[in-house]
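# Tertiary structure, described
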Amino acid sequence: MADSKAKPGLLLDIRNLRIEATVYPPGEPPKNIVLVHDVSLTLEKGKVLGLIGESGAGKSTIGLSSMGYGRGGVRITGGEVILNGRDIMKGGKEGFRKLRGREVCYVAQSAAAAFNPAHRLMDQVVEATLLHGMATRTEAEKRAVALFKKLSLPNPETIGERFPHQVSGGQLQRVMTAMALCSEPDLIVFDEPTTALDVTTQIDVLAAIKDAIRDTGVAALYITHDLAVVAQVSDEIMVLRHGRLVECGDTRQIIKEPRQDYTRALVSVHEIEHAEEKPGATPFLSVKNITAAYGGGNVKVLRDISVEIYPGQTLAVVGESGSGKSTLARAITGLLPPVEGTVTFDGRPLANRLADRPKEDLRQLQMIYQMADVAMNPRQTVGTIIGRPLTFYFGLRGAERDNRVKELLEEIEMGQGFINRYPAELSGGQKQRVCIARALAGKPKLIICDEVTSALDPLVANGILKLLLNLQQIERVAYLFITHDIATVKSIADSIAVMYRGEVVRYGSKSKVLTPPFDDYTDLLLSSVPAMEIGWLEQAIGGRKMASAGH
Amino acid sequence: MLDIKRIPIPALIGIVLTAMFVLAAIFGPLIAPHGNGEIIGDVWEPMTAAHWLGTDNLGRDLLSRMIYGARITLFIAVLATALSFSLGAILGFSAAVFGGWFDTLLSRLVDLLMSIPTLIMGLVVLSVLPSNLVTLILVMGILDSTRVYRLSRAVAVDINVMDYVEAAKLRGEGSGWIIFREILPNALSPLVSELGLRFIYAVLFLSTLSFLGLGVQPPDADWGAMVKENKDGIVFGIGAALIPAAAIAMLAISVNLVADWVLNRTTSLKGGRG
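Residues numbered from 1 in each chain as written. Chains lettered and ligands numbered in written order. Predicted model: local features only at pLDDT ≥ 70, side-chain atom pairs only at ≥ 80, totals over all residues.

So, about the overall build of chain B. A count of helical and extended segments in chain B gives 10 helices and zero strands. Secondary structure elements of chain B occur, N-terminal to C-terminal, as α-α-α-α-α-α-α-α-α-α. With the C-alpha coordinates of chain B rotated into their principal frame, the extents come out at 75 × 50 × 30 Å. Counting all 274 residues of chain B, 40% fall into the buried class. Long-range contacts, defined as pairs at least 24 residues apart, comprise 67% of the intrachain contacts of chain B with a sequence gap of at least 6. (Helix = DSSP H or I, 4+ residues; strand = E, 2+ residues; numbered from the N terminus. Buried ≥ 20, exposed ≤ 12 C-beta atoms within 10 Å, placed from the backbone. Contact = placed C-beta atoms within 7 Å.)

Moving on: the overall build of chain A. The helix and strand inventory of chain A stands at 21 helices and 20 strands. Against the 2.2 N^0.38 benchmark of 24 Å for 551 residues, chain A shows a C-alpha radius of gyration of 25 Å, consistent with a compact globule. Over its C-alpha atoms, taken along the principal directions, chain A stretches across nearly 75 × 55 × 45 Å. Across chain A, contacts joining residues at least 24 apart in sequence account for 70% of those joining residues at least 6 apart. (Rg over C-alpha atoms; globule rule 2.2 N^0.38 Å.)

Right, let's get into the domain arrangement of chain A. Residue and element names in this part refer to chain A. For chain A, the assigned domains read domain 1 (10-267) and domain 2 (285-510). Between the C-alpha centres of domain 1 and domain 2 the distance comes to 36 Å. Taken residue by residue, the interface counts eight residues in domain 1 and six residues in domain 2. In terms of residue class, the side of domain 1 that touches domain 2 is made up of three nonpolar, three polar and two charged. (Domains from an automatic or database assignment. Nonpolar A, V, L, I, M, F, W, Y, C, P; charged D, E, K, R; others polar.)

It is worth spelling out the packing of helix α3 (residues 62-98) of chain B against helix α6 (residues 133-160) of chain B at this point. Residues and elements named next belong to chain B. One way to put it is that α3 packs onto α6 with a least axis distance of 5 Å and a crossing angle of 35°. Here the hand of the crossing between α3 and α6 comes out right-handed. Tallied by class, residues from the contact of α3 with α6 come to 21 nonpolar, seven polar and two charged. (Axes fitted to C-alpha atoms, helices over the stretch in contact; angles between N-to-C directions. Left-handed = near helix turned anticlockwise from the far one by under 90°.)

Let's shift gears to helix α20 (residues 520-527) of chain A. Residues and elements named next belong to chain A. With six of eight residues buried, α20 is to be regarded as a mostly interior element. When we look at burial in α20, the residues that qualify are Tyr-521, Thr-522, Leu-524, Leu-525, Leu-526 and Ser-527. Along its buried surface, α20 packs onto α7 (199-216), β13 (314-318), α18 (486-492), β19 (495-500), β20 (503-509) and α21 (536-543).

All names here are of chain B. Where helix α1 (residues 9-26) contacts α3, the axes come no closer than 8 Å and their chain directions differ by 100°. On the basis of their axis angle, the class for α1 and α3 is roughly perpendicular. Contacts between α1 and α3 involve Phe-21, Val-22, Ala-24 and Ala-25 on the former and, on the latter, Ile-67, Ala-70, Arg-71 and Leu-74. A breakdown of the residues in the contact of α1 with α3 according to their chemical character gives seven nonpolar, no polar and one charged. (Parallel < 35°, antiparallel > 145°, perpendicular 65-115°, else oblique.)

With that settled, consider the confidence of the model for chain A. The predicted model of chain A has a mean per-residue pLDDT of 85, with 96% of residues at 70 or higher. Counting contacts from residues 1-6 of chain A, a segment whose pLDDT is below 50, to residues more than four positions away or on other chains yields 13 contacts. (pLDDT = per-residue confidence, 0-100.)

Another aspect to go through is the nonpolar core. Grouped together as the largest cluster of nonpolar side chains are 226 residues, with contacts concentrated most on Ala-178, Val-189, Ala-220, Val-317, Leu-480, Phe-481 and Val-498 of chain A. Not counting the four nearest positions on each side in its chain, Val-317 of chain A is found in contact with Lys-325, Leu-328, Leu-480, Phe-481, Ile-482, Ala-497 and Met-499 of chain A. (Core = buried A, V, L, I, M, F, W, Y, C linked by C-beta atoms within 7 Å.)

Another aspect to go through is unusual backbone geometry. Residues and elements named next belong to chain A. Put simply, Pro-516 and Pro-517 share a cis peptide bond, and its omega is 0°. Of note, Pro-517 is situated in the loop between α19 (510-513) and α20. You will see that Glu-192, though not glycine, has its phi angle at about 50°, which is positive.

Residues and elements named next belong to chain A. Sheet architecture is open: six strands sit in the order β6-β7-β8-β3-β9-β10, paired in mixed fashion. Edge positions in the open sheet fall to β6 (104-107) and β10 (244-250), since each of these has one partner strand only. Averaged over all pairs of adjacent strands, the angle between their axes in this sheet comes to 15°, without regard to strand direction. In the sheet, strand β9 (residues 236-241) pairs with β10 via six bridges, with the strands oriented antiparallel. (Pairing = 2+ DSSP bridges.)

We now examine the sheet that holds strand β14 (residues 340-345) of chain A. Residues and elements named next belong to chain A. Read from one edge to the other, the open sheet built from four strands follows the order β12-β11-β14-β15, with strand pairing classed as antiparallel. Edge strands, defined here as strands with exactly one partner in the open sheet, are β12 (299-309) and β15 (348-349). Packed on one face of the sheet, helix α11 (residues 325-333) meets β11 (285-294), β12 and β14 and runs near 70° to β12.

Here is the structure:
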């Protein structure tokens, strides 16, 4: 495309990019912070460069700079962004307008939030093409349908007539990729396109994106925090941390022979050794034939579930979104009283409804949430958050309470200095640690962990898992660990229940569940977890027994 | 904590003016040059060095009447707003937390009250009941609490489904803790902004009632009643009626300047500080 006066081969050349933003911390004068420190990169035509790093590493900011865009008051203050042989920063507003949607397109993380719900998909897919006057409507729509086919969307001829809410998340993400490809750009910026998807869906979207990149010869910047994902699609990988370049090299070198410690940590992040414990004689919590439903019993989300948890051990519940894992937790805690079935705790039945349970039962059963941000009252200090269960269950007050809070803070490997902080003043990992301390404060026998690591960066998540395992050793607490991530399961579980559409399809000790022969769903789930291997994607797609639901 | 230099100028103006009104109200008898009902001169005298704001329709000192009027106006408006907020917010939060028939019953009752125009409702009730300060405050407070109820219920419904409220329920906390410790601190921002607005509505409503003769009874007068007393002067080019009217406007603006500033300070979801 476009008026290419570039050196042959070189498409994008970012030199010494420096990006700044002004922050307004409460109670202090506004100050300037540098988000990206002098990062340089080059990208050839038809190649894919993976940008990887934890949140705040500046990867999205760098990606967006290739179209001269700074999100939310971010300013590009230094360096050059040379695309197709010209510095786009000198083009001004008019230049950006010509560039965006024509030479560079963007695929956002959450397609559901990025599409306008009031317009049909087709209108949105061809919009940029028409706006730049690159094709007539009929031509553009023809092109879009061809792209829908290539991205293996169902009913490619008619899917464009639907509204965004009428297709699933995985399909929407592929429609967005079609939208980016429709105007035949030179470069596409993929900003975590599969992060919000289930593993089983992620693999389809990933394969579709990879095929589309290969067939159209477009260059791409692929932004993600998952090294295993980026290893499947990119030719080169750039590792970023705190807005600085850590390491850059071709994919094989980065994942096989990382040179920097940080990259090494990223590569080996999933490896936690956890020896499986044999189930004891008697489970202390057993769930028998539970059926739960929403909407007054009409929509059954759990059918005939039976699982058991042994003291001091971990039961992992695995499955994709909509499989009923979180509903199982709600049924056990009494937030959603089951329609049928019983929960037995310590040999006696638990009341179905939360309101009917005595305080003692509530204390024994604590919960940790996925989003630590919203699981803590933003107007309470860490001291209050952790201290309240102490006062509530044990009647501790004053200095006694504070001492215990300090002990708990030490236990979760945070200092005593955090006692007067508000949740907003903590990092993501620290927030989740405080939530763990709050759950531990009641000295429970069982903690339900609902996707506790899925909102965190890999290295931070790793730290949380290690902490949970340590605490299990010290406090002999059992976990019901809900997750969609098989890798997490391997490193923490003693027994596993695989759930699919409200039923347990496979249940037993970890070694038993993870040993072949697998049933079709477990096979799909296991084979969909990206492995840190080049060429894994093709193997996985070729070898699976059942297609994913495409959620 | 609070650095005066960092308060924005509009808020500073608001604070100074509001403080002036409040001080005038509190120390009224000490500041006022003359008594409330004391006739000191001719009818509608112009502004002079002796009588800064001139005299009113009976020859009373307008400045002194304004100061005594501030007392009554602020006193009634503050109490009525306090009543409407405590009533509306507590019922609204409870409705959100308890839900079910409690919520339905209360919400329909509020709908019923709101479907009758406030002024007409106020006029009817006040013409039946004995006209004294207590009834006035009660009527104004209860009528206004319907608005506060709607707002606080809407805000609390959103907060009630947050994970931290669920965590508190799982812990076994009672409704008291959930309403006052989990929901209230997080609902404060919209409530504070509403407070500024509602307080002004209370002042205006009181003035309207007094203007219509059902509010504060003579010889006491709030600012609305003073507009009424002096309104005939406008025909003769005498501005005495405009002075209490201007005072109402000034109070309205200055209180809202302060409320806006408080709102800005507290809405930042960056946390509990400030």
